[in-house]
Amino acid sequence: MSNVKRLLIKRRDESDSSKAAPIRTEQQRRWLCTRKNGQEATQAYRFRTLSQSKGVAMKQKICSYCQKYLDNFRKKPLKAAIILLMQIFFLLGWGFFYFFLYRMYTVIVIPGQTLPVENIYAETFFTLLVTIVFSYCFYRFFKILFSNRRSLQSKISVMLGSVICAFVLLALWNSVRALPMFSQDVDRAFWAQNDI
């Protein structure tokens, strides 16, 4: 009986010493880095180990997300297919919206010119406001729709919210253009380049 106890104590001591060994080697590396190149080396070493650990954590999160996504397809293929279709339509709809914003920025805002009977400053302000508000909505909806932990009902409500956002944007676009400040005849902004 005493031999068994001695053997167990010896194994426990060996496992404790093996756990403490990496800590000593890590401390020895830091000490060597400090001794070699000064304080900057230690900070660079710490930054390198932190950035590597963040990269590993991000990779693990992505792998676990994909694994859960595939498990959902195996367990409930019909529900997962519906969610996949919703995600595709979501990305297509919001992609069209961002293409519309891209055209607004490249045709009107960045060149600083609009039609002769419109106000470039009102156009620019409205485009920036729409970009900020609807990008926030996109961010919130994206987090809900692409989460593995959310229910199907919450994802359907996100799709309905996206459709409502599209109708709100269409209504805003038509109603705001009727305001008097949009027809003040300022067709050239101060940042517009002069034609040579």
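Described in the following lines is the structure provided in the data block. All values derive from a computational prediction rather than experimental measurement.

1. Topic: the packing of helix α3 (residues 77-109) against helix α5 (residues 152-176)
- Relative orientation of the contacting elements α3 and α5 amounts to 20°, with a least axis distance of 11 Å. Viewed along their axes, α3 and α5 adopt a mutual orientation that is roughly parallel. Relative to α5, α3 is oriented so that their crossing is left-handed. When α3 is examined against α5, the residues K79, I82, I83, M86, F89, F90, W94, F97, F100 and M104 are found in contact with a partner set consisting of L152, K155, I156, V158, M159, S162, C165, L169 and W173.
- Each residue belonging to the contact of α3 with α5 can be placed in one class, and the counts come to 16 nonpolar, 1 polar and 2 charged.

2. Section: the environment of R149
- Looking at where R149 falls in the secondary structure, it is placed in the loop between α4 (120-145) and α5.
- For the pair R149 and K68, spaced 81 residues apart in sequence, the C-alpha separation works out to 9.5 Å.

3. A look at the packing of aromatic side chains
- Overall, the coordinates contain 17 aromatic pairs when judged by the stated rule.
- Between F97 and Y98, the aromatic rings sit 5.0 Å apart at their centres with planes inclined by 70°, giving edge-to-face as the arrangement.
- By relative accessible area, which is 7% here, F97 ends up buried.
- With 4.4 Å between their ring centres and 25° between their planes, F142 and F146 make a pair best called stacked.
- Joined through ring pairs, the aromatic side chains of F90, W94, F97, Y98, F134, F138, F142 and F146 make up one cluster.

Conventions we followed
- Residues numbered from 1 in each chain as written.
- Predicted model: local features only at pLDDT ≥ 70, side-chain atom pairs only at ≥ 80, totals over all residues.
- Heavy atoms only, no water.
- Axes fitted to C-alpha atoms, helices over the stretch in contact; angles between N-to-C directions.
- Helix = DSSP H or I, 4+ residues; strand = E, 2+ residues; numbered from the N terminus.
- Parallel < 35°, antiparallel > 145°, perpendicular 65-115°, else oblique.
- Left-handed = near helix turned anticlockwise from the far one by under 90°.
- Contact = heavy atoms within 4.5 Å.
- Nonpolar A, V, L, I, M, F, W, Y, C, P; charged D, E, K, R; others polar.
- Phe/Tyr/Trp six-rings, centres within 6.5 Å; stacked < 30°, edge-to-face > 60°.
- Buried < 20%, exposed > 50% of the residue type's maximum accessible area, 1.4 Å probe, protein only.

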